[in-house]
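Observations on the model geometry
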Amino acid sequence: MANNYNNNNVRIDPATGLRIINFSAGPGLMPVSVLAEAGQSMASFSQGHGLMELSHRGKAFEAVLAETEADFRQLLAIPDGYSVLFMQGGATLQFSTVALNLVGADADAKCDYIVTGAWSAKAAEEAERLLGKGRVNVVVSTKKSKHNGDVPALDQWKFSQKQAYVFYCDNETVHGVEFGNKFPFDAIPSNVPLICDMSSNILSGPIDVSKYGLIFAGAQKNMGPAGVTVVIIRDDLLSPSRKCATQPIPQLLDYNTYSTSQSMYNTPPTFPIYMCGLVFKWLKTEIGGLDQMSAINTAKSSALYNAIDGSNGFYVCPVNKAYRSRMNVCFLVNPKSPDAAALEKRFLAEAEAKGMVQLAGHRSVGGVRASLYNAMTLENVQILIAFMKEFQARV
């Protein structure tokens, strides 16, 4: 670890000496202090063994799991009556798991999907594949163009008359669209479970868990490394009456399997869970909690959006200001120029040469995407902004 960081915990490429700023959309960067502690634990955690070598049934890991869950519950102020599950398969597997566990036996009840980008679209498609078109209703869809950046007005949303659940993705990483506290919670009947994919913005600020029936999140954006998916589920939704009645659910796709075994029906992803626990402690002790984390994230994203909006059209964010993501800032480089494609390629190449890596937009949409997850510092965002201004002045 010592070869990769200087005394100020700045990431350094040992081959070139460059300061490296990682804007990856996922897996995302993690706090330097977390990586340093995890590195030590890989070699020696308990009785001279690395954590990855210890049995998940042993007291050492049982303590890790219990503490990780307790810190997670504390950070999000998860109320009584909710279970926390540690699963595998990423958020994508949850698209299947949600549908099979929550569709219920009432054939007239629809699974409503609010589609505002690539991931909510994939979730709806998977539910339709498993349950059939007759059980899935797309409430609203913004899947019109590759630079999808708006959410239609609520009066254009078409909810089902009878709903098994309502699903949405709070932050779309591909298109840079985020609901946050702008989601119309009042439009969802209190007796209908609200299901949310929070993979890319969980722990970026406080949330009211009681508004949801189920929240899930892949760890590899704001919680830890890839390999573990955290699920928060209201306990009444574990009832057998909620499950799909037309086909059996594989044991490892059944939420009850995890709730009744404390997430240890089979070997859980021990090291990713441990690293999530380190991130939770970093949020509690070094950051000071989710209110402080939210303020930092707002400062970072606001600075970058202000630079984009103040560039006189050289940089353009295609997302409606009301729904701009704090986590994934998507923008185009001089899109009205006949040389826009070449300029974008040059921008990305020159940024990488200066140590700012993984700024290319998702392969399906192109453009530039700066992902500002919790571990990204304001100082590093300001370095990107300075480069953007210098690039614009020079070209």
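Conventions and cut-offs
Residues numbered from 1 in each chain as written. Predicted model: local features only at pLDDT ≥ 70, side-chain atom pairs only at ≥ 80, totals over all residues. Heavy atoms only, no water. UniProt positions renumbered as here; feature names shortened; annotations may be inferred. Axes fitted to C-alpha atoms, helices over the stretch in contact; angles between N-to-C directions. Helix = DSSP H or I, 4+ residues; strand = E, 2+ residues; numbered from the N terminus. Left-handed = near helix turned anticlockwise from the far one by under 90°. Contact = heavy atoms within 4.5 Å. Nonpolar A, V, L, I, M, F, W, Y, C, P; charged D, E, K, R; others polar. 1 Å grid on protein atoms, 1.4 Å probe; cavity = no way out; pocket = protein on both sides within 12 Å on 5 of 7 lines; lining within 4 Å. Points joined across faces, edges and corners; volume = space filled by probe spheres on them. Buried < 20%, exposed > 50% of the residue type's maximum accessible area, 1.4 Å probe, protein only. Pairing = 2+ DSSP bridges. Expected span 1.5 Å × (residues − 1).

In the nomenclature of an unreviewed UniProt entry, the protein corresponds to Phosphoserine aminotransferase from the organism Chytriomyces confervae. The annotation that UniProt attaches to the protein under Sequence similarities (unreviewed entry) is "Belongs to the class-V pyridoxal-phosphate-dependent aminotransferase family. SerC subfamily."

Further remarks concern the packing of helix α1 (residues 32-43) against helix α6 (residues 270-287). In contact at an axis separation of 10 Å, α1 and α6 are set at 140° when each is read in the N-to-C sense. Where α1 crosses over α6, the handedness of that crossing is right-handed. Across from S33, V34, L35, E37, A38, S41 and M42 in α1, the residues of α6 making contact are F271, Y274, M275, L278, V279, W282 and E286. Partitioned by chemical class, the residues of the contact of α1 with α6 number 10 nonpolar, two polar and two charged.

Moving on to empty space enclosed by the protein. According to the stated counting rule, one finds two cavities of 30 Å³ or more in the structure shown. Put simply, the second largest cavity is a space of about 50 Å³. Forming the walls of the second largest cavity are L29, M30, P31, K221, N222, M223, V279, W282, N374 and A375. Classifying every residue of the lining of the second largest cavity by side-chain character gives seven nonpolar, two polar and one charged.

This part covers the pairing of strand β9 (residues 214-218). Of all five residues making up β9, five are buried, and the element is well covered by its neighbours. Burial along β9 is two-sided: the residues L214, F216 and G218 and I215 and A217 are all buried. Relative to β9, strand β8 (residues 194-197) runs parallel, the two being bridged by three bridges. By the bridge assignment for β9, C196 is matched with I215.

Over its 13 residues, helix α3 (residues 90-102) extends 18 Å from the first C-alpha to the last, a length consistent with the 18 Å expected when each residue adds 1.5 Å. In terms of residue burial, α3 counts as a mostly covered element, since 10 of its 13 residues are buried. Looking one or two places after α3, you find G104, whose phi comes out positive at around 75°.

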